[in-house]
Amino acid sequence: MSAARRVTLALAALLGGAALALPKYRLQAAPQLHLTDGNDLWQLDRRVMPCTYCHVRESGGAPWNPFGQAIQATFRSEAEAGRAVKFPQALSVLLESGGDADGDGYTDALEVFARTLPGDPASRPERPVADLQAEFDAAGGAAQFAPPEPGRKGAGNK
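Residues numbered from 1 in each chain as written. Predicted model: local features only at pLDDT ≥ 70, side-chain atom pairs only at ≥ 80, totals over all residues. Heavy atoms only, no water.

**Some remarks on the overall build of the chain**
- Across its full length, the chain holds seven helices and zero strands.
- Starting at the N terminus, the α and β elements of the chain follow one another as α-α-α-α-α-α-α.
- When each of the 158 residues of the chain is scored for burial, the buried share is 38%.
- Pairs at least 24 apart in sequence give 38% of the contacts found in the chain among residues at least 6 apart.
- Carbon and sulfur atoms make up 56% of the accessible area of the chain, which totals about 8,900 Å². (Helix = DSSP H or I, 4+ residues; strand = E, 2+ residues; numbered from the N terminus. Buried < 20%, exposed > 50% of the residue type's maximum accessible area, 1.4 Å probe, protein only. Contact = heavy atoms within 4.5 Å. Areas by Shrake-Rupley, 256 points an atom, 1.4 Å probe, with all protein chains shown as cover.)

If you want it as structure tokens, here you go:
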């Protein structure tokens, strides 16, 4: 383990987990969406999945942006269909639906894959949809964002 990583971990322990911890849903979503790949200290980095992923304000809370509203609508529609789902499942259902919450021409799943914000029409991939779609499909499509299997740590089913 590098000296810098040891110092960072020691500081995190000294400052207390609550001060640095990401909210529960981001702790679940970031690995599921593969936003943590290559970042061993992602839990300490709020840039990995900013609040603006689902919220209008950088500090989170209400109001919700279009993607956050789509997640809420997914919870409601799943409940109305008699399926009580947890957040990872709702997120997966939403991404598999092929919706484009912010209406920028890129599906939410493509935006997650490209690491842009699916709830902000100003944040969209620079690549043409067709090129990005081909790469996304080759990587496994929306199935790569499936929730972790029970009893298995980590993100989706890569």
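That covers the picture; the talk isn't over yet.
**Re the confidence of the model for the chain**
- Of the residues in the chain, 80% reach a pLDDT of 70 or more, and the chain-wide mean stands at 84.
- Confidence scores differ between elements of the chain, with helix 2 (residues 17–20) showing the lowest mean pLDDT of 43 and helix 7 (residues 129–138) the highest of 97.
- Of the regions scoring below 50 in pLDDT, residues 11–20 engages in seven contacts with residues more than four places distant in sequence or in other chains.
- pLDDT under 50 marks residues 154–158. Its contacts with residues more than four places away, or in other chains, come to 17 contacts. (pLDDT = per-residue confidence, 0-100.)

**So, the packing of aromatic side chains**
- Across all of its chains, the model carries five aromatic pairs by this definition.
- Summarising the aromatic geometry, the rings of Phe75 and Phe87 are spaced 6.5 Å apart at their centres and angled 25° between planes, so their arrangement reads as stacked. Note that Phe75 is positioned in helix 4 (residues 66–80) and Phe87 in helix 5 (residues 87–96), a separation of 12 residues in sequence.
- By the ring-pair criterion, three or more aromatic residues cluster together here, those being Tyr25, Phe75 and Phe87. (Phe/Tyr/Trp six-rings, centres within 6.5 Å; stacked < 30°, edge-to-face > 60°.)

**A short note on the environment of Gly98**
- Take Gly98: it is sitting in the loop between helix 5 and helix 6 (108–114).
- Take Gly98: its relative accessible area is 42%, and that puts it in the partly exposed class.
- Taking C-alpha positions, Gly98 is 8.7 Å from Ala142, a pair spaced 44 residues apart along the chain.

**So, the environment of Arg115**
- Among the structural elements, Arg115 can be located in the loop between helix 6 and helix 7.
- Once the C-alpha coordinates of Arg115 and Leu35 are considered, the two residues, 80 residues apart in sequence, prove to be 7.6 Å apart.
- Not counting chain neighbours up to four residues away, the residues in contact with Arg115 comprise His34, Leu35 and Asp37.

**A short note on the packing of helix 4 against helix 5**
- The N-to-C vectors of helix 4 and helix 5 enclose an angle of 105°; their axes lie 9 Å apart at closest approach. What the angle tells us is that helix 4 and helix 5 run roughly perpendicular. Along its contact with helix 4, which presents Phe67, Ala70, Ile71, Thr74, Phe75 and Glu78, the element helix 5 presents Phe87, Ala90, Leu91, Val93, Leu94 and Leu95. (Axes fitted to C-alpha atoms, helices over the stretch in contact; angles between N-to-C directions. Parallel < 35°, antiparallel > 145°, perpendicular 65-115°, else oblique.)

**Quick look at the nonpolar core**
- In terms of nonpolar packing, the biggest core is built from 26 residues, with Leu33, Tyr53, Phe67, Leu91, Leu95 and Phe145 touching the most fellow members.
- If you list the elements that add at least two residues to this core, you get helix 3 (24–32), helix 4, helix 5, helix 6 and helix 7.
- Apart from residues no more than four positions distant in its own chain, Phe145 is found in contact with Gln32, Leu33, His34, Ser92, Leu95, Ala109, Val112, Phe113 and Phe136. (Core = buried A, V, L, I, M, F, W, Y, C linked by side-chain atoms within 4.5 Å.)

**Brief notes about the pattern of salt bridges**
- For the structure on display, the rule yields three salt bridges.
- Where Arg47 meets Asp45, a salt bridge forms, and the shortest distance between an N and an O atom there is 2.9 Å.
- By relative accessible area, which is 70% here, Arg47 ends up exposed.
- For Glu135, the salt bridge is made with Arg127, and the minimal N-O distance between the two is 2.4 Å. (Salt bridge = Lys/Arg side-chain N within 4 Å of Asp/Glu carboxyl O.)

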